[in-house]
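Observations on the three-dimensional arrangement
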Amino acid sequence: MSIIYRKAELNDIPKLNPLLAQLSDAMADPQKMAEKMKKIAKNEDNYLLVAENTENGDLCGSLIGVVFEDICDTCKPILLVENVVTDERYRGKGIGRGMFEAIETWGKEKECHYCILVSGLQRTGAHKFYDAIGYSEVKGFKKYL
């Protein structure tokens, strides 16, 4: 299996939408997705990453990285990672690890101090994975607006 990690493109939507539905249980409106992807692509502090199996063209994973400024301590920016998903057919094959290596490399290029992410309480398998790749569990809060 040959995997590449790259920025998502608009022509990825037909494969990306069902992949993300594994995370959210619902498909997005493709037109809205395209609008958001164009906006993400224009912002140099956003990175919509996909993992592609070059042997069959499958998108086997995706995540979004967002760099935001911090005015505390060293004043270095922070990398936020969100919408992390590995296709259930590809889990346990190193795809997630590769995606995080790619986005963390990008974060280092942006001189980020650290990386944060939020994961649902029920996603215990993901929590084990995050721990295995060096993420520490801290208390966090979330409120839907």
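Up top you'll find the structure we're talking about.
Please read these numbers as outputs of a predicted model, since none were measured by experiment.

Rules and cut-offs
Just so you know, the residues in each chain are numbered from 1, in the order the chain's sequence is written. Thresholds applied to this predicted model are a pLDDT of at least 70 for local features of residues and 80 or more for the giving and counting of side-chain atom pairs; totals over whole chains, interfaces and linings are not thresholded and use all residues. Excluding hydrogens and water, the side-chain values take into account all heavy atoms of the structure. Helix and strand labels come from DSSP, where a helix needs a run of H or I of at least four residues and a strand needs a run of E of at least two; each type is numbered from the N terminus. Just to be clear, the radius of gyration here is over C-alpha atoms, and the globule rule we use is 2.2 Å times residues to the power 0.38. Exposed residues in this analysis have more than 50% of their type's maximum accessible area, buried residues have under 20%, and partly exposed residues fall in between, with area computed by a 1.4 Å probe over protein chains only. We call two residues contacting when some pair of their heavy atoms lies within 4.5 Å. Definition used in this section: a nonpolar core is a set of buried Ala, Val, Leu, Ile, Met, Phe, Trp, Tyr and Cys residues joined via side-chain atoms within 4.5 Å.

Quick notes on the overall build of the chain
Within the chain one finds four helices and five strands. Walking the chain from its N terminus toward its C terminus, one meets helices and strands in the order β-α-α-β-β-β-α-β-α. A compact globule built from 145 residues should have a C-alpha radius of gyration of about 15 Å, and the chain, at 15 Å, falls within 12% of that. When the backbone C-alpha atoms are referred to their principal axes, the chain occupies close to 45 × 35 × 35 Å. Burial statistics for the chain: of 145 residues in total, 37% are counted as buried. A separation of at least 24 residues holds for 63% of the contacts in the chain among residues at least 6 apart in sequence.

Some details on the nonpolar core
For soluble globular proteins, nonpolar side chains are generally found buried alongside one another. Ranked by size, the top nonpolar core spans 21 residues in total, and within it Leu-63, Leu-79, Val-81, Phe-100 and Ile-103 carry the most contacts. Taken together, the elements giving at least two residues each to this core come down to strand S2 (46–53), strand S3 (59–68), strand S4 (78–86), helix H3 (95–109) and helix H4 (124–132). Take this core: its biggest share by element is five residues, from H3. For Phe-100, the contacting residues outside a window of four places in its chain are Leu-63, Val-81, Val-84, Leu-117, Phe-129, Tyr-130, Ile-133 and Tyr-135.

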